[in-house]
Amino acid sequence: MSEPSSSNDRPEEGTRQLQAYRFALEPTHDQAQALRSHCGATRFAYNWGRRKVLANWAQRAAEASYGIPDDELTPWIDQSAYSLRKAWNAEKGTVAPWWAENSKEAYSSGIARVAKAFSNYGASKRGTRTGARMGVPARKKHSHQSFTVTTGSYGLGDGSRQVKIPRIGIVRTGESTRKLARRLRNGTARLANMTLSWRGGRWWVSFTVAVRRNDPKPARPDAVVGVDTGVKALAVLSTGEIVANPKHYQKTQALRRRLARARSRRRGPDRKHGGEPSRRWEKANAKANRLEHRVTAMRRDGLHKLTTRLTHEYGTIVVEDLNIAGMLRNRCLSKAIWSAGFSTLRHQLEYKTDWCGGRLITADRWYPSSKTCSSCKAVKAKLALGERVFRCDHCGLVLDRDVNAARNLAALVSTASCVGTVNMPAGNRVRPGSPGDGIATGRPETAVAGQPCRSNPAGHGTTHSVNGAKFSGTRRDERPKAASRPHW
Ligand SMILES: [Zn+2]
């Protein structure tokens, strides 16, 4: 692991980040038609490229089965985006005589995506790609509506609510683009590409932007806050503050049922016999989809506000590493947890501490933050989920269960040898679960920084320094077998 540079080494003008700026679009009827056409063009080019590569493979396999020697087989076709695009340009007149109706960006986008899909497939087969094994790239179906523009005349329009799309022209956005426009004007941002997509019953434009960010440093760089993400509250801070769970999903449940009922009374698509849905069904379906999208947006908004507030105030944030995949399998809890969006919170904290030069520390999943007394560190053998108040048998502490857990998390920082860090300033981010990252274990005992924790006398695997402080954590391969991580 390379030594993380301290936050003082940052250039004055801030750090460069790739960031997305997304706006809802309000296209006219004709523009929406053109957007759909471009998405179709992308899909067509993707499927064309896929067919071409697979036909080549099949041809070679067939020839080989006739005993033709390897060097006399039909040569492999190059699967790079560059050569596929060349082949497309040679063939488009015959396979897609209508190609001139759409911007060439749409076809290039499809070709680039299929080339990427095959390269991912190849990497997965060779074992150089993380994640589950990949199958042969699948055909893109009609439901997939998006295309990416990487070159040409695209960007923001002259007005404050306009984007420029090649061939389609100026399209109105649902909200002002002034923040991005200001960055582009003063040179702190550069557009990398633009993706148009249909999602949640609306058209969206998403700009990938290389931004030079200059976020304020945390107001209290030495302050530590423990964040316990519970089921009842969205988050409980070690300061005692309880951030209420807005429960958008549960609150809209009645409306959701009503919309679903309205939809089911209408004639839906008949997939077996290819029957088209009725106009009324499509309207009801769009309405139901809009609700889901709205709930997602409200939840995201609440989480953004919380994580921004935390990263702007505290220098160090400690969170729990929850087994979200495991908890989602539990049906009683799953809805509430889904609603709270734990993983979103974690993810947002990760990159926002990075932006602000703060630190995010993740406690081990088996660290008993709820069962430990935050005052005398005695660990309870049992604590039912229903017990909302923590009562210590040792020192008689009576405290809200979640506040107690949050305090324990915050206390982990002072026991530096017991914690690992997920996020280090200056962009040296370590994904949780990558080999060698630090994971907190054991009880929050007072230990000297850099020395083995008393609860784990054997000591931990690695020691790395973060802004002068020593941290050590168990290496992934040294942890017990049961410590398998969820597949995020
Ligand atoms: Zn106690």
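Use the structure listed above.
Rules of the game
Residues numbered from 1 in each chain as written. Predicted model: local features only at pLDDT ≥ 70, side-chain atom pairs only at ≥ 80, totals over all residues. Heavy atoms only, no water. Pairing = 2+ DSSP bridges. Helix = DSSP H or I, 4+ residues; strand = E, 2+ residues; numbered from the N terminus. Contact = heavy atoms within 4.5 Å. Axes fitted to C-alpha atoms, helices over the stretch in contact; angles between N-to-C directions. Donors = N, O, S within 2.8 Å, 3.2 Å for Na, K, Ca; no water. Tetrahedral: all angles 85-135°; square planar, octahedral: opposite > 155°, others 65-115°. Buried < 20%, exposed > 50% of the residue type's maximum accessible area, 1.4 Å probe, protein only. Expected span 1.5 Å × (residues − 1). Polar contact = N/O pair within 3.5 Å; in protein donor to acceptor, adjacent residues only side chain to side chain.

## Topic: the sheet that holds strand β4 (residues 162–165)
And then number 1: With respect to topology, 7 strands assemble into an open sheet ordered β2-β6-β7-β1-β5-β4-β3, the strand pairing being antiparallel. The outermost strands of the open sheet, each flanked by one partner alone, are β2 (146–149) and β3 (155–156).
And then number 2: With 4 bridges joining them, β4 and strand β5 (residues 169–173) adopt antiparallel strand pairing. Bridging from a neighbouring strand, V163 pairs with V171 of β5.
And then number 3: Relative to the sheet, helix α1 (residues 29–65) contacts β2, β4, β5, β6 (189–199) and β7 (202–213), its axis offset from that of β2 by approximately 85°.
And then number 4: Most of the contacts of helix α3 (residues 104–126) go to β2, to which it runs at about 105°, and overall it touches β2 and β6.

## Quick word on the coordination of the zinc ion
And then number 1: Protein-derived coordination of the zinc ion comes from C373 (SG), C376 (SG), C392 (SG) and C395 (SG), at a distance range of 2.2 to 2.3 Å.
And then number 2: Each of the 4 donor atoms bound to the zinc ion contributes to angles spanning 106 to 112°, and the resulting shape is tetrahedral.
And then number 3: Along the chain, the residues donating to the zinc ion fall in the pattern C-x2-C-x15-C-x2-C.
And then number 4: On the basis of relative accessible area, C392 is assigned to the buried category, the value being 9%.

## Considering α3
And then number 1: Here α3 is 23 residues long and its end C-alpha atoms lie 33 Å apart, about the 33 Å a rise of 1.5 Å per residue gives.
And then number 2: Phi turns positive, to about 85°, at G127, one or two residues after α3.

## As for helix α11 (residues 401–411)
And then number 1: When you tally the buried positions in α11, you get 10 out of 11 residues, the bulk of the element.
And then number 2: Considered for burial, the residues of α11 that qualify are R401, D402, V403, N404, A405, A406, N408, L409, A410 and A411.
And then number 3: Next to the buried residues of α11 lie β8 (220–228), β9 (233–237), β11 (314–320), β12 (359–363), β13 (389–391) and β14 (398–400).
And then number 4: The N-cap residue of α11 is D400: its side-chain oxygen and the backbone nitrogen of D402 are 3.0 Å apart.

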